[in-house]
Amino acid sequence: MRKIIHVDMDAFFASVEVRRRPELRGRPVVVAGLGPRGVVSSASYEARAYGVRSAMPTARARVLCPDAVFLPPDHRLYATVSRAVMGIFRDITPLVEPLSLDEAFLDVSGARRLFGSPARIAELIRARVAEQEGLTCSVGVASSKLVAKLGSSRAKPDGLVVVPAEQVLDFLHPLPVSALWGVGERAAEILRRLGLTRVGDVAHAPLGMLRSALGEAAARNLHELAWGRDPRRVNPDQVEKSVSAEVTFPSDVGDPQVIRRALLALAGKVAARLRRAGQAGRTVSIKVRTADFRTVTRSRTLAVPTDVARDLFETAWSLFTALKPGDRIRLVGVRV
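A brief report on the enclosed structure follows. For clarity, every value in this text was computed on a predicted model and none was experimentally measured.

### Some remarks on the sheet that holds strand β3 (residues 40–43)
As a general point, the strands of a sheet are linked pairwise by backbone hydrogen bonds and lie either parallel or antiparallel.
Okay, step 1: Spatial strand order, β3-β2-β4: 3 strands in an open sheet with mixed pairing. Two strands in the sheet have a free side with no partner beyond their single neighbour: β3 and β4 (69–71). On average, each strand axis in the sheet is inclined to that of its neighbour by 25 degrees, with strand direction left out of account.
Okay, step 2: For strand β2 (residues 29–32) and β3, the ladder comprises 3 bridges, and the chain directions are antiparallel. Paired with A32 across the two strands is V40, which belongs to β3.

This is the structure:
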């Protein structure tokens with residue numbers, strides 16, 4: 001039986017800032033873009049108590065929590081701390097699959113002989129992260145990725161949830177359908193219209209009903225997950241599959257030349273990042289967000305991979321002009 005651990009750092013960016021500035025401990029701290037179009041990247045739990053959340057406009061966060069300390073993000077520092085945290089994980093097992101700077105899956109099946117039970121390993125990880133990095137994390141332990149990740153989310157903040165294999169369905173079936181991977185807002189609404197609001201409802205629903213509502217692949221996937229069957233392995237060889245950059249304009253833009261210059265600059269950034277990583281890509285995508293917050297993406301696959309800024313820009317500009325968004329533009333992005 002596999003033993004999977006999911007570790008999720010608590011309010012990572014904000015916690016790193018509090019570690020750097022101990023005088024902020026206990027105060028609401030928000031890491032966010034500080035301009036008029038800024039967005040929240042991370043909020044301490046003191047700030048979350050006021051309703052501040054990641055991806056929220058900074059202006060809204062200031063209204064909800066005017067006494068919070070607002071700090072600009074320091075991504076270089078967060079990346080450095082992340083490498084140190086991932087190093088702690090790799091001291092336990094080489095089977096570490098980072099999902100982002102602040103979370104990772106670990107397969108500790110082979111580490112039990114050296115470190116003890118998965119629960120003891122989880123406590124060891126939490127203790128080492130606290131001792132070596134001065135940060136807290138939440139950990140879920142289970143026999144699958146799905147349940148381990150759900151466990152860590154229910155352990156927050158600074159907690160541990162262990163779900164034994166024989167208790168997976170007791171843990172899983174009372175949860176809302178949105179807990180299942182692959183169930184976004186639209187799928188959740190479709191399932192709710194069918195009277196399926198809990199994971200257990202999906203597990204016991206006729207597969208034909210799910211197929212009619214969601215399609216063959218999604219129906220079969222959700223049915224398997226609802227019964228706790230998730231065979232995906234921890235993949236320590238994950239590589240970055242995309243490189244991107246985007247910009248939010250200080251005010252909505254209607255001038256095509258301003259957008260053209262922004263796409264040119266973004267293409268240059270992405271190309272530089274590709275070259276630093278020793279990578280090239282074939283599929284070029286743009287992201288466009290209009291003044292009414294409607295977000296549209298378009299992509300094109302090139303004949304050969306490239307890391308040349310001009311190639312990326314010409315493709316991005318061609319995609320934008322073909323899109324003809326019509327409205328004023330709030331944000332543009334380029335991804336390879």
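### Topic: a positive patch on the surface
Okay, step 1: On the surface, K269, R273, R275 and R276 cluster together into a patch of positive charge.
Okay, step 2: Here R273 lies in helix α13 (residues 256–276).

### What about the side chain of E133?
Okay, step 1: Along the chain, E133 turns up in helix α6 (residues 118–133).
Okay, step 2: Those residues in contact with E133 that sit more than four places away from it in its chain are R19, V81, A84, V85, I88 and R128.

### Describing the packing of aromatic side chains
Okay, step 1: This model, assessed by the stated rule, comprises 4 aromatic pairs.
Okay, step 2: Seen in terms of ring centroids, F13 and Y78 are 4.2 Å apart; in terms of plane orientation they differ by 15 degrees. Their pairing is stacked. Taken together, the positions of F13 in helix α1 (residues 12–20) and Y78 in helix α4 (residues 75–92) put the pair 65 residues apart, joining distant regions of the chain. Accessibility classification places F13 together with Y78 in one group, the buried group.
Okay, step 3: Measuring from centroid to centroid gives 6.3 Å for F105 and W181, while their planes differ by 90 degrees, and the two rings are edge-to-face. Here the residue F105 occupies a position in strand β6 (residues 103–107), and W181 occupies one in the loop between α8 (168–172) and α9 (185–193), the gap between them amounting to 76 residues.

### Re the packing of α9 against helix α11 (residues 207–214)
Okay, step 1: Contact geometry for α9 and α11: axes closest at 11 Å, N-to-C directions at 135 degrees. On the basis of the axis angle, α9 is oblique to α11. Seen along the crossing, α9 lies across α11 with a hand that is right-handed. Here α9 contributes A187, I190 and L191 to the contact with α11, which in turn contributes L210, A213 and L214.
Okay, step 2: Of the residues contributing to the contact of α9 with α11, the split by class is 6 nonpolar, no polar and no charged.

### Quick word on the nonpolar core
Okay, step 1: Core analysis: the largest hydrophobic core is formed by 34 residues, its most contacted members being I5, V7, F12, F89, L106, I125 and V129.
Okay, step 2: Put simply, the parts of the chain that give this core at least two residues each are β1 (4–9), α1, β2, β4, α4, β6, α6 and β7 (137–142).
Okay, step 3: Those residues within four positions of I125 in sequence are excluded, and the remaining contacts are I5, V7, F89, I92 and L106.
Okay, step 4: Residues A155, L180, L196 and L210 belong to the second largest nonpolar core, which totals 32 residues.

Here is what the cut-offs are and how they apply
Residues numbered from 1 in each chain as written. Predicted model: local features only at pLDDT ≥ 70, side-chain atom pairs only at ≥ 80, totals over all residues. Heavy atoms only, no water. Pairing = 2+ DSSP bridges. Helix = DSSP H or I, 4+ residues; strand = E, 2+ residues; numbered from the N terminus. Axes fitted to C-alpha atoms, helices over the stretch in contact; angles between N-to-C directions. Patch = residues over 30% accessible without salt bridge, like charges linked within 9 Å, V, L, I, M, F, W, Y side chains within 5 Å. Areas by Shrake-Rupley, 256 points an atom, 1.4 Å probe, with all protein chains shown as cover. Salt bridge = Lys/Arg side-chain N within 4 Å of Asp/Glu carboxyl O. Lys, Arg positive; Asp, Glu negative; His and termini not counted. Charge placed at Lys NZ, Arg CZ, Asp CG, Glu CD. Contact = heavy atoms within 4.5 Å. Phe/Tyr/Trp six-rings, centres within 6.5 Å; stacked < 30°, edge-to-face > 60°. Buried < 20%, exposed > 50% of the residue type's maximum accessible area, 1.4 Å probe, protein only. Parallel < 35°, antiparallel > 145°, perpendicular 65-115°, else oblique. Left-handed = near helix turned anticlockwise from the far one by under 90°. Nonpolar A, V, L, I, M, F, W, Y, C, P; charged D, E, K, R; others polar. Core = buried A, V, L, I, M, F, W, Y, C linked by side-chain atoms within 4.5 Å.

So yeah, pure geometry; function would need other evidence.
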